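In case you want the letters, here they are:
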Amino acid sequence: MAIPKDLLDALMKDYKNPEDLIGESGLLKQLTKQLLERAMQAEITEHLGYEKNSPAKKKTNNSRNGSYSKRVKGEFGNLDIAVPRDRDSSFEPIIIPKGQSRFTGFDDKIIALYARGMTTRDIQAHLEEIYGVEVSPTLVSQVTQAVQQEVALWQNRPLDEVYPIVYLDAIRIKVRQEGRVINKAVYLAIGITLEGIKEVLGMWTSETEGAKFWLQVVTELRNRGVKDIFIACVDGLKGFPEAIETIFPETQIQLCLVHMVRHSLKYVSWKQRKEVAGDLKAIYQAPTVEQAESFLEQFEAKWDDRHPTIGKSWRRNWERITPLFSYPPEIRKAIYTTNAIESVNMSLRKVTKTRGSFPSDDSMLKLLYLALKNISKKWTMPIRNWKAAMNQFMIIFENRMPTI
């Protein structure tokens, strides 16, 4: 609704500085208060069926009964408003319902700050500094606690029948348990859909990993609707290859090359890191497995004296590295250039680094879920070169493609 220019001119007649407009006693706050009170007067008139001071038109025995003061919180700070009431207490305002002490959207502000890793104390300070609103730790906890049910629904939602690629990895987070702080592993599964869109399939926590734990994870994916995974990229997680092959026997297990390279460079000096990385790249980008083996031999001859553990690590994991060479370049590129899980882990570390530890698993999962929700908002486009990769998937896995 357009506001007449003459009305704006009248409102801004005495404007001299920003404080007159947005300050504690500024025009915006005064207007908000008066508009809210005017709206509630209109609501009670509709409720009673007659205008104020017009008893001749009364159609009910009920009547106005003054008002009571209520403080609401919002981006404008604290606002004291007069809420009208009736004699039989049947009137309930719509614009600010009974029991509501915060404007719509204010809770979203708290959740957004929490999702970015801010602690309860940080959120309190931010809201007071920016909006002049004091909130208690209990309020922040109550607002964010509403997310817990959403987490459960998300973790149990139905999934697609087929995922061409699934990445699985873990991050370590400190959580308080039985009076002591422990490092808990949070495992994430990220799938690439048939449309090439990244999707977090779920997250699980465990103090230890093994075949039994991973069998539960993979079984859960199947129970939620997943019928087939073409390629599963894992970080050498103990027990996972065996578990996934039990539930999805046709799935090809591929050791994540990003993790292999990162692990290999862990003890390499900065001066040599670029050269070592280049020599490793020659191995996994070789056109055939035979050439890859030749490049690995050259790498060992060159670097074993200074970094003997790198060549041994690649030899030890060679069986899980080489499946890559059975695929055409388009699929290989989709596998080793789509660093989906690592970028997610980096974002999650950013929001958890300000926390010494979490008081419980629920509080940890709540924050991680909100962070993942923010991250996934950017996943609206297919991954790079996906069409070319998908054409190859349709040829190689023709009999396993879902019918359209």
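No experiment lies behind these values; they were computed from the predicted model shown.

Chemist: Provide a residue-level description of the confidence of the model for the protein chain, including the pertinent values.
Modeler: On average, residues of the protein chain score 81 in pLDDT, and 82% of them are at 70 or above. Within the protein chain, helix 12 (residues 289–303) carries the highest mean pLDDT (94), whereas helix 2 (residues 18–22) carries the lowest (66).

Chemist: Describe the pattern of salt bridges, with residues and values.
Modeler: Taken as a whole, this structure holds ten salt bridges when the rule is applied. For the salt bridge of Glu150 with Lys373, the shortest nitrogen-to-oxygen distance reads 2.7 Å. Remark: Lys373 occurs in helix 17 (residues 361–376) and Glu150 occurs in helix 7 (residues 147–155); sequence separation between them is 223 residues. Taking relative accessible area as the criterion, Lys373 reaches 38% and is therefore assigned partly exposed. A salt bridge links Lys184 to Asp361; the nearest nitrogen and oxygen atoms lie 2.5 Å apart. In this pair, Lys184 is assigned in strand 4 (residues 180–192) and Asp361 in helix 17, connecting sequence segments 177 residues apart.

Chemist: Before we move on, could you go through the environment of Val268 and cite the residues and values that matter?
Modeler: The residue Val268 is located in the loop between helix 10 (257–264) and helix 11 (270–284) in this model. Considering only alpha carbons, one finds Val268 and His307, 39 residues apart in sequence, at a separation of 7.6 Å. What Val268 contacts, discounting residues up to four positions off in sequence, is Arg273, Val276, His307 and Ile310.

Chemist: I'd like a rundown of the pairing of strand 6 (residues 228–234), residues and numbers included.
Modeler: The buried fraction of strand 6 amounts to seven of the seven residues, a majority that puts the element mostly inside the structure. Across six bridges, strand 3 (residues 162–177) lies against strand 6 in parallel orientation. If you follow Tyr167 over to strand 6, its bridge partner there is Cys233.

Chemist: Account for helix 17, with residues named and values stated.
Modeler: Between its terminal C-alpha atoms helix 17 stretches 22 Å, which fits the 22 Å expected from 16 residues at 1.5 Å a residue. Within the sequence span of helix 17, burial applies to Ser363, Met364, Leu365, Lys366, Leu367, Leu368, Tyr369, Leu370, Ala371, Leu372 and Ile375.

Chemist: Please give an account of the nonpolar core that cites residues and values.
Modeler: Counting 68 residues, the largest nonpolar core has Ile165, Met203, Trp314, Leu348, Leu372, Trp386 and Phe393 as its most contacted members. Among the elements that take part in this core, helix 17 stands out by supplying nine residues, more than any other. Dropping the residues within four chain positions of it, Met203 is found in contact with Trp154, Gln155, Val186, Tyr187, Leu188, Leu365, Leu368, Tyr369 and Leu372. In terms of nonpolar packing, the next biggest core, distinct from the first, is built from 24 residues, Leu221, Ala232, Phe240 and Phe248 among them.

Chemist: Run through the pairing of strand 3, naming residues and quoting values.
Modeler: With 13 bridges connecting them, strand 3 and strand 4 associate as antiparallel partners. Each residue of the ladder has a partner; that of Lys174, found in strand 4, is Asn183. Joining the antiparallel neighbours strand 3 and strand 4 is a turn of two residues, in which Glu178 adopts a positive phi near 50 degrees.

Chemist: Please set out helix 12 residue by residue, giving values where relevant.
Modeler: For helix 12, with 15 residues, the first-to-last C-alpha span of 21 Å sits near the 21 Å given by 1.5 Å per residue. Those residues of helix 12 not exposed but buried are Ala292, Leu296, Phe299, Glu300 and Trp303. Down the axis of helix 12, the buried set is contained in an arc of 95 degrees. They therefore lie on one face. Relative to its buried face, helix 12 has exposed residues pointing more than 90 degrees away, namely Glu290 and Ala301. Buried residues along helix 12 sit against helix 11, helix 13 (308–316) and helix 14 (318–321).

Chemist: Residues and numbers for the sheet that holds strand 6, please.
Modeler: Strand order across the open sheet formed by five strands is 5-4-3-6-7, with mixed pairing between neighbours. Looking at which strands have only one partner, the edges of the open sheet turn out to be strand 5 (198–206) and strand 7 (252–255). On average, adjacent strands in this sheet sit at an angle of 25 degrees to one another, irrespective of strand direction. The sheet contacts of helix 18 (residues 386–396) involve strand 3, strand 4 and strand 6, and relative to strand 3 the element is tilted by about 115 degrees.

The rules behind each value
Residues numbered from 1 in each chain as written. Predicted model: local features only at pLDDT ≥ 70, side-chain atom pairs only at ≥ 80, totals over all residues. Heavy atoms only, no water. pLDDT = per-residue confidence, 0-100. Helix = DSSP H or I, 4+ residues; strand = E, 2+ residues; numbered from the N terminus. Salt bridge = Lys/Arg side-chain N within 4 Å of Asp/Glu carboxyl O. Buried < 20%, exposed > 50% of the residue type's maximum accessible area, 1.4 Å probe, protein only. Contact = heavy atoms within 4.5 Å. Pairing = 2+ DSSP bridges. Expected span 1.5 Å × (residues − 1). Core = buried A, V, L, I, M, F, W, Y, C linked by side-chain atoms within 4.5 Å. Arc of directions from axis to C-beta. Axes fitted to C-alpha atoms, helices over the stretch in contact; angles between N-to-C directions.

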